[in-house]
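The residues making up each chain are set out below.
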Amino acid sequence: MEHGGNIYKAAEQYGIDLDAIVDYSDNVNPLGVPYSAKEGILNNIDALSHYPDPEYKQLRKAISEYTSVDFENIIVGNGATELISLFIKVLKPKKALVVMPAYSEYQRELEINGARVSHYVLKREKDYKGDVEELCAMVQGNDIVVICNPNNPTGTAFTADEMKRVAEASRIHGAYLMVDETYVEFTDDMSVYSSSGILNEYPNVFIIRGFSKYFGIPGLRVGYAMTSDKELLRFINDKKDPWSVNLLADIAARSVLKDKDYIRRSKDFMSSERRFMASELKKIDKLKVYDSVCNFFLCEILADIPAKEIARAAVKKGLLIRDASTFKYLGDKEFRVCIKLRKENQLLLDFLKGVL
């Protein structure tokens, strides 16, 4: 399977020191690990002599405060990937509808568990913006609908009102709606896009988020899911390995959720830098840049150069970008880049201007 952020493979393949690579493929908050996470770990290092709380009550309560979702409707796991896997294993869907292009893990888990997968495809000619009526018309006959919102790799998103319509269509046809909100915190206003406000009304909605991207701690592997379906949560907990979130990850996650300064700085930075990058990327004549609501851009080369050649030229200069042709339904001229700090963003812009 293909994932972004594989600097280890790039460093080995091109003989480049890891520290010399600027990774525009990983989609992680460029402000880095919050000081609150480091402080929380260091101040509690002796707690390693204890097992984590198997119910993760303190972490779930911290998530509840952060999301305004009931504490009883939250489950934590070893990153979003574990929760995606557990949800699908428990549900055992026979037929699934996935909004594409998308993270490969959705289809992989569905097929491993015996599901027949169909796709609602975001269209290039519509700038990869979804049509909620078309999507709702395809729900019937499926046991599960899977949407990454905002979508990776396109950066587009359905609004919360549109997602409510998909939730209603799913309920009518007896389907669960799994929403991966990994990137929703990077938007200017989460309430415009998040489905968390409809959980009590729609117990068939299962929302997944993580701490890897927005809070910049992918190495700790901690995520959470939210649903008002208590029976579903009980089944998932029965299948889940005990202590799948280690104690330091638990402590760090609780610390960053209360770090209002980091959250404010991240919001302000991303809003400003997204506008800057959109404006500057669109000035490059041989590049089409698709509008994004989150922390990365899907770009299409308008010259006779495949994206893999651009990616190869970039990595030789220590710049790692994502060749998006590895995503089903995207072409060989498309690549994805995430937003970094201004100096790093300028490096990328200078490279693209030079090569195109």
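Everything discussed here concerns the structure shown above.
Predicted model only: the values in this text are computed from it and were never measured.

Participant: I keep staring at the overall build of the protein and nothing clicks. Help me out?
Facilitator: Within the protein, the regular secondary structure consists of 13 helices and 13 strands. Since a compact globule built from 356 residues should have a radius of gyration of about 21 Å, the 20 Å found for the protein is in line with a globular shape. Reported as C-alpha extents along the three principal axes, the dimensions of the protein are approximately 55 × 55 × 35 Å. The proportion of buried residues among the 356 residues of the protein is 57%. Within the protein, residue pairs in contact and separated by at least 24 positions form 72% of the contacts whose partners lie at least 6 positions apart. Treating the 49 positive side-chain charges of the protein as one cloud and the 52 negative ones as another, the clouds have centres 2 Å apart.

Participant: Can you walk me through the sheet that holds strand β3 (residues 95–100) in this structure?
Facilitator: Hydrogen bonds between backbone atoms are what pair the strands of a sheet, whose relative direction is either parallel or antiparallel. Within the open sheet, the 7 strands sit side by side as β2-β8-β7-β6-β5-β3-β4. Their pairing is mixed. Among the strands making up the open sheet, the edge pair consists of β2 (74–77) and β4 (116–121). Adjacent strand axes in the sheet meet at a mean angle of 20°, parallel and antiparallel pairs treated alike. Looking at chain direction, β2 and strand β8 (residues 223–226) are connected through 4 bridges and run antiparallel. Looking across to β8, one finds that glycine 77 is bridged to glycine 223.

Participant: Please clarify how helix α4 (residues 79–91) should be interpreted in this entry.
Facilitator: Because each turn of an α-helix spans 3.6 residues, side chains separated by three or four positions in sequence point in the same direction. Between its terminal C-alpha atoms α4 stretches 19 Å, which fits the 18 Å expected from 13 residues at 1.5 Å a residue. Within α4, 10 of the 13 residues are buried, leaving the element largely enclosed by the surrounding structure. Taken as a whole, α4 has its buried residues at Gly79, Ala80, Glu82, Leu83, Ile84, Ser85, Leu86, Phe87, Ile88 and Val90.

Participant: I'm lost on the pattern of salt bridges in this one. Help?
Facilitator: A side chain of one charge can pair with a side chain of the opposite charge when the charged atoms of the two come close. The final tally for this structure, using the stated rule, is 22 salt bridges. For the salt bridge of lysine 123 with glutamate 134, the shortest nitrogen-to-oxygen distance reads 3.4 Å. In this pair, lysine 123 sits in the loop between β4 and α6 (132–137) while glutamate 134 sits in helix α6, placing the two residues 11 residues apart along the sequence. A salt bridge links glutamate 280 to lysine 283, with the shortest nitrogen-to-oxygen separation between them at 2.9 Å. Of the residues examined, glutamate 280 reaches a relative accessible area of 14% and is grouped as buried. On the basis of relative accessibility, which here comes to 53%, the residue lysine 283 falls in the exposed class. The network of salt bridges with shared partners includes Asp261, Arg264, Arg265 and Asp268.

Participant: I tried to follow the packing of helix α3 (residues 57–67) against helix α10 (residues 247–257) on my own but got confused; where do I start?
Facilitator: Think of two packed helices as two axes; the pair is described by the angle between the axes and how far apart they sit. It is at 9 Å that the axes of α3 and α10 come closest, and there the two elements cross at 20°. Here α10 runs roughly parallel to α3, going by the angle between their axes. Note that α3 runs across α10; the crossing there is left-handed. Residue-level inspection shows Gln58, Leu59, Ala62, Ile63 and Tyr66 of α3 in contact with α10, the latter providing Asp250, Ala253, Arg254 and Leu257. In the contact of α3 with α10, the residues fall into 6 nonpolar, 1 polar and 2 charged.

Participant: Would you take a moment to explain the pairing of strand β7 (residues 205–210) for this structure?
Facilitator: Within a regular strand, the side chains alternate between the two sheet faces. Within β7, 6 of the 6 residues are buried, leaving the element largely enclosed by the surrounding structure. Here β7 shows two buried faces, one formed by Val205, Ile207 and Arg209 and the other by Phe206, Ile208 and Gly210. Relative to β7, strand β6 (residues 176–180) is paired through 4 bridges, and the arrangement is parallel. When the bridges of β7 are listed, valine 179 appears paired with isoleucine 207. As paired elements, β7 and β8 share 4 bridges and run antiparallel to each other. Note that in β8 the partner of arginine 209 across the bridge is tyrosine 224.

Participant: Is there a simple way to think about the environment of threonine 159 in this case?
Facilitator: Looking at where threonine 159 falls in the secondary structure, it is placed in the loop between β5 (144–148) and α7 (160–172). Considering only alpha carbons, one finds threonine 159 and aspartate 143, 16 residues apart in sequence, at a separation of 23 Å. Here threonine 159 is in contact with Val192 and Tyr193, once residues within four sequence places are set aside.

Reading the values: rules and limits
Residues numbered from 1 in each chain as written. Predicted model: local features only at pLDDT ≥ 70, side-chain atom pairs only at ≥ 80, totals over all residues. Heavy atoms only, no water. Helix = DSSP H or I, 4+ residues; strand = E, 2+ residues; numbered from the N terminus. Rg over C-alpha atoms; globule rule 2.2 N^0.38 Å. Buried < 20%, exposed > 50% of the residue type's maximum accessible area, 1.4 Å probe, protein only. Contact = heavy atoms within 4.5 Å. Lys, Arg positive; Asp, Glu negative; His and termini not counted. Charge placed at Lys NZ, Arg CZ, Asp CG, Glu CD. Pairing = 2+ DSSP bridges. Axes fitted to C-alpha atoms, helices over the stretch in contact; angles between N-to-C directions. Expected span 1.5 Å × (residues − 1). Salt bridge = Lys/Arg side-chain N within 4 Å of Asp/Glu carboxyl O. Parallel < 35°, antiparallel > 145°, perpendicular 65-115°, else oblique. Left-handed = near helix turned anticlockwise from the far one by under 90°. Nonpolar A, V, L, I, M, F, W, Y, C, P; charged D, E, K, R; others polar.

Read these as layout, nothing more, since geometry by itself doesn't imply function.
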